[in-house]
Amino acid sequence: MMRIAVILTTLLISNEVLADIYKFTDNDGRIYYTDKPKNNLYKRIIRTRALNYSAALPYMGTNKKKFTDLISEAANRHQVDVRLVHAVIQAESAYNATAISSAGAVGLMQLMPDTARRYGVVDRNNPIQNIDGGTHYLKDLLRMFDSNLDLVVAAYNAGEGAVMKYNNSIPPYPETRNYVKTVLALYNRHS
């Protein structure tokens, strides 16, 4: 068990890690970790930022201004606090519309293919569709978790199933716990 903790700790603190990490426990209790899950029995426990997140930081202010109206429109349409949408976008992509993660999340709100399909997003690279789909997802999470921002943000990161699995609490994944702190700090900073 100590060996697993060391491996996971190393993965979490390494700046070179560019892949999401998935966990699977078989019927005999053996635990497997991978960055390339073989089936949907593997559950994501660590989610990385977009591959080009750091490169987008110098342009974040310019890009934020570029997308502010689209973000406001989507927030109004779905009745989601615009500060929350901004905080998620800043944490996910640094306002980079072409951001792509190693796990296949795309765009400003880093939509995965299944989430995009669920919300009718045909082109995840299209900022209008991406923002609308991600904001709609936030609206559903707000409803699902009774507007508890800690749980909403945790679910956006780890999936609503992970939050429910842990009895409607933030999953014990260090990456998700850090993500919640980051997004809520950004949320409280936006005016």
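The present account deals with the structure reproduced in this document. Since the model is a prediction, treat every value here as computed from it, not as a measurement.

### Describing unusual backbone geometry
Working step 1: A positive phi is found at Tyr95, a non-glycine position, where the angle reads about 65°.
Working step 2: By the element assignment, Tyr95 lies in the loop between α4 (82–93) and α5 (113–118).
Working step 3: Note on Tyr95: relative accessible area 1%, which makes it buried.
Working step 4: Although it is not a glycine, Ser147 adopts a positive phi angle of roughly 60°.

### Regarding the environment of Gly159
Working step 1: Residue position: Gly159 is located in the loop between α7 (149–158) and α8 (160–165).
Working step 2: Placed 18 residues apart in sequence, Gly159 and Leu141 show a C-alpha to C-alpha distance of 9.7 Å.

### So, the nonpolar core
Soluble globular proteins tend to bury their nonpolar side chains together.
Working step 1: Leu84, Leu138 and Tyr156 are the most contacted members of the largest nonpolar core, which has 39 residues in total.
Working step 2: Residue assignment for this core shows that the elements contributing at least two residues are α3 (60–78), α4, α6 (127–144), α7 and α9 (174–189).
Working step 3: Ignoring anything within four residues of it in the chain, the contact list for Leu84 reads Leu138, Leu142, Leu149, Val153, Val183 and Tyr187.

### A closer look at the pattern of salt bridges
For side chains of opposite charge, pairing can occur when their charged atoms come near one another.
Working step 1: According to the stated counting rule, one finds 7 salt bridges in the structure shown.
Working step 2: Where Arg77 meets Asp132, a salt bridge forms, and the shortest distance between an N and an O atom there is 2.9 Å. Note that Arg77 is positioned in helix α3 and Asp132 in helix α6, a separation of 55 residues in sequence.
Working step 3: Given a relative accessible area of 49%, Arg77 falls into the partly exposed group.
Working step 4: The residue Asp81 makes a salt bridge to Arg83 at a minimum N-O spacing of 3.0 Å.

### Section: α7
Owing to its 3.6 residues per turn, the α-helix aligns residues three or four sequence positions apart on the same side.
Working step 1: The buried fraction of α7 amounts to 8 of the 10 residues, a majority that puts the element mostly inside the structure.
Working step 2: Inspection of α7 places Leu151, Val152, Val153, Ala154, Ala155, Tyr156, Asn157 and Ala158 among the buried residues, and these make up the whole buried set.
Working step 3: The N-cap residue of α7 is Asn148: its side-chain oxygen and the backbone nitrogen of Asp150 are 3.0 Å apart.

Calculation criteria
Residues numbered from 1 in each chain as written. Predicted model: local features only at pLDDT ≥ 70, side-chain atom pairs only at ≥ 80, totals over all residues. Heavy atoms only, no water. Helix = DSSP H or I, 4+ residues; strand = E, 2+ residues; numbered from the N terminus. Buried < 20%, exposed > 50% of the residue type's maximum accessible area, 1.4 Å probe, protein only. Core = buried A, V, L, I, M, F, W, Y, C linked by side-chain atoms within 4.5 Å. Contact = heavy atoms within 4.5 Å. Salt bridge = Lys/Arg side-chain N within 4 Å of Asp/Glu carboxyl O. Polar contact = N/O pair within 3.5 Å; in protein donor to acceptor, adjacent residues only side chain to side chain.

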